[in-house]
Amino acid sequence: MPEARAEEAATREESGRPGGRGKGADAGQDAGAGPGGEASRPRRRQARGEARIAQLLEAAADVFCASGYNGASTNAIAREAGVSPGTLYQFFPNKEAIAIELGEQLMHRWRETYGAAFVVRHIELPLDRLLDTVLDPLIAFNCENPAFAVLTHGSEIPGVITREHDALHATMLTRTEELLAAYLPELPADQVTRTAEMAFVLFKAGLDLVMSHEGTEREAYVEELKTVMYRYLEPLACDTPDRATARSIDTP
């Protein structure tokens, strides 16, 4: 378990050598010994271990973004984190283990993000607000976590990350189809499936453009992406009773 590993690694880090005992580790020599001391020391070690892991994963995210997964190294990650390679190895045996843990954390947060975005009650919104409500958190997550894209693309990425990402991709596509089916109840099932797949591809392509820009240009591409999605879905929404929406778009 990550918590147990954090405690164990933090204990080794305190001792200064793998599996060793630090100065004053004998019974009665630790300042924390006494009533409650035995219970509090593991909690403190675990907290220090978790903080160190978070520090290393944050550094790894920066290195992966700067150098790519293939170009990254444990030495570069340790340097970015401001620790020695030996300290890093107290917590992670290699670069792949770091990538897997970082990938698992990011994918867990991604699940939470799209889970909150793809909610059926959002179908009560007009199409422009529906797109804002669904797309904004997805775009924000990717912009705030560029390492997510690095760790989910490329043949050199550890297989466990690729498999989990493929499963997430399939789940997101299903959630997209379910949301569209609820929003466009008059649409035949086969057309809903095609529309969901096309909308999903449009979003991914637009997101790549969004991620390749910064500042005001990024904001402009976000609006372009929403406009493309709106213009694709709006005719279908207007063909459905009581689904006509009113979004003002400048058309050349």
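Bringing the overall build of the protein into the picture now. Across its full length, the protein carries ten helices and zero strands. Residues classed as buried in the protein amount to 39% of the 252 residues present. If you sum the accessible surface of the protein, you get close to 13700 Å²; carbon and sulfur atoms cover 52% of it.

Membership of the largest hydrophobic core comes to 64 residues, with the highest contact counts inside it found for F64, L102 and L138. Setting aside anything within four residues of it in sequence, one finds F64 in contact with Y69, A72, I77, K95, A99, L102, V150 and L151.

Looking now at the side chain of N145. Position of N145 among the secondary structure elements: in the loop between α6 (127-144) and α7 (146-150). What makes N145 buried here is its relative accessible area of 11%.

With that out of the way, let us pick up the packing of α6 against helix α9 (residues 189-211). Closest axis-to-axis distance for the α6/α9 pair is 11 Å, and the angle between their directions is 45 degrees. Our classification of the angle between α6 and α9 gives oblique. Crossing geometry of α6 relative to α9 is assigned as right-handed. Taken together, the residues of α9 that come into contact with α6 (itself represented by L135, L138, I139, N142 and C143) are F203, L207, V210 and M211. Broken down by class, the residue content of the contact of α6 with α9 amounts to eight nonpolar, one polar and no charged.

This part takes up helix α3 (residues 74-81). Burial in α3 covers these residues: T74, A76, I77, A78 and A81. Remark: G82 follows α3 within two positions and exhibits a positive phi of approximately 75 degrees.

On to the packing of aromatic side chains, then. Applying the stated criterion across every chain, the model contains five aromatic pairs. Taken together, a centroid distance of 5.7 Å and an interplanar angle of 40 degrees make the contact between F64 and Y69 tilted. Just as F64 is buried, Y69 falls in that class too. Joined through ring pairs, the aromatic side chains of W110, Y114, F141 and F148 make up one cluster. In this structure, K95 packs its charged tip against the face of Y69, placed 4.4 Å from the ring centre.

Moving on: the packing of helix α8 (residues 159-183) against α9. In the contact formed by α8 and α9, the axes pass within 9 Å of each other and the chain directions differ by 125 degrees. Here α8 lies oblique to α9, going by the angle between them. As for how α8 packs across α9, the hand of that crossing is right-handed. For the pair α8 and α9, contact is made by H169, M172, L173, T176, E177, L180 and A181 and by V192, T193, T195, A196, E197, F200 and K204, respectively. Tallied by class, residues from the contact of α8 with α9 come to seven nonpolar, four polar and three charged.

On to the confidence of the model for the protein, then. When pLDDT is averaged along the protein, the result is 84, and 77% of the positions lie at 70 or above. Taken element by element, the protein is modelled with least confidence in helix α1 (residues 2-15), mean pLDDT 55, and with most confidence in α3, mean pLDDT 98. Here residues 17-34 is modelled with pLDDT under 50, and outside its nearest four sequence neighbours on either side it reaches 17 contacts, counting other chains as well. Here residues 241-252 scores under 50 on pLDDT; set against residues more than four positions off or in separate chains, the count is 27 contacts.

Moving on: the pattern of salt bridges. Counted according to the given criterion, the structure contains four salt bridges. Residue E164 pairs with R111 through a salt bridge whose shortest N-O separation is 2.3 Å. With E164 in helix α8 and R111 in helix α5 (residues 95-117), this residue pair connects regions lying 53 residues apart in the sequence. Looking at E164, the relative accessible area reads 21%, which means it is partly exposed. For D132, the salt bridge is made with K226, and the minimal N-O distance between the two is 2.9 Å. Linking D132 in helix α6 with K226 in helix α10 (residues 215-238), this pair joins segments that are 94 residues apart in sequence. What makes K226 buried here is its relative accessible area of 5%. It is possible to trace a salt-bridge network through shared partners that takes in D132, D136 and K226.

Cut-offs and rules
- Residues numbered from 1 in each chain as written.
- Predicted model: local features only at pLDDT ≥ 70, side-chain atom pairs only at ≥ 80, totals over all residues.
- Heavy atoms only, no water.
- Helix = DSSP H or I, 4+ residues; strand = E, 2+ residues; numbered from the N terminus.
- Buried < 20%, exposed > 50% of the residue type's maximum accessible area, 1.4 Å probe, protein only.
- Areas by Shrake-Rupley, 256 points an atom, 1.4 Å probe, with all protein chains shown as cover.
- Core = buried A, V, L, I, M, F, W, Y, C linked by side-chain atoms within 4.5 Å.
- Contact = heavy atoms within 4.5 Å.
- Axes fitted to C-alpha atoms, helices over the stretch in contact; angles between N-to-C directions.
- Parallel < 35°, antiparallel > 145°, perpendicular 65-115°, else oblique.
- Left-handed = near helix turned anticlockwise from the far one by under 90°.
- Nonpolar A, V, L, I, M, F, W, Y, C, P; charged D, E, K, R; others polar.
- Phe/Tyr/Trp six-rings, centres within 6.5 Å; stacked < 30°, edge-to-face > 60°.
- Lys NZ or Arg CZ within 6 Å of the ring centre and 35° of its normal.
- pLDDT = per-residue confidence, 0-100.
- Salt bridge = Lys/Arg side-chain N within 4 Å of Asp/Glu carboxyl O.

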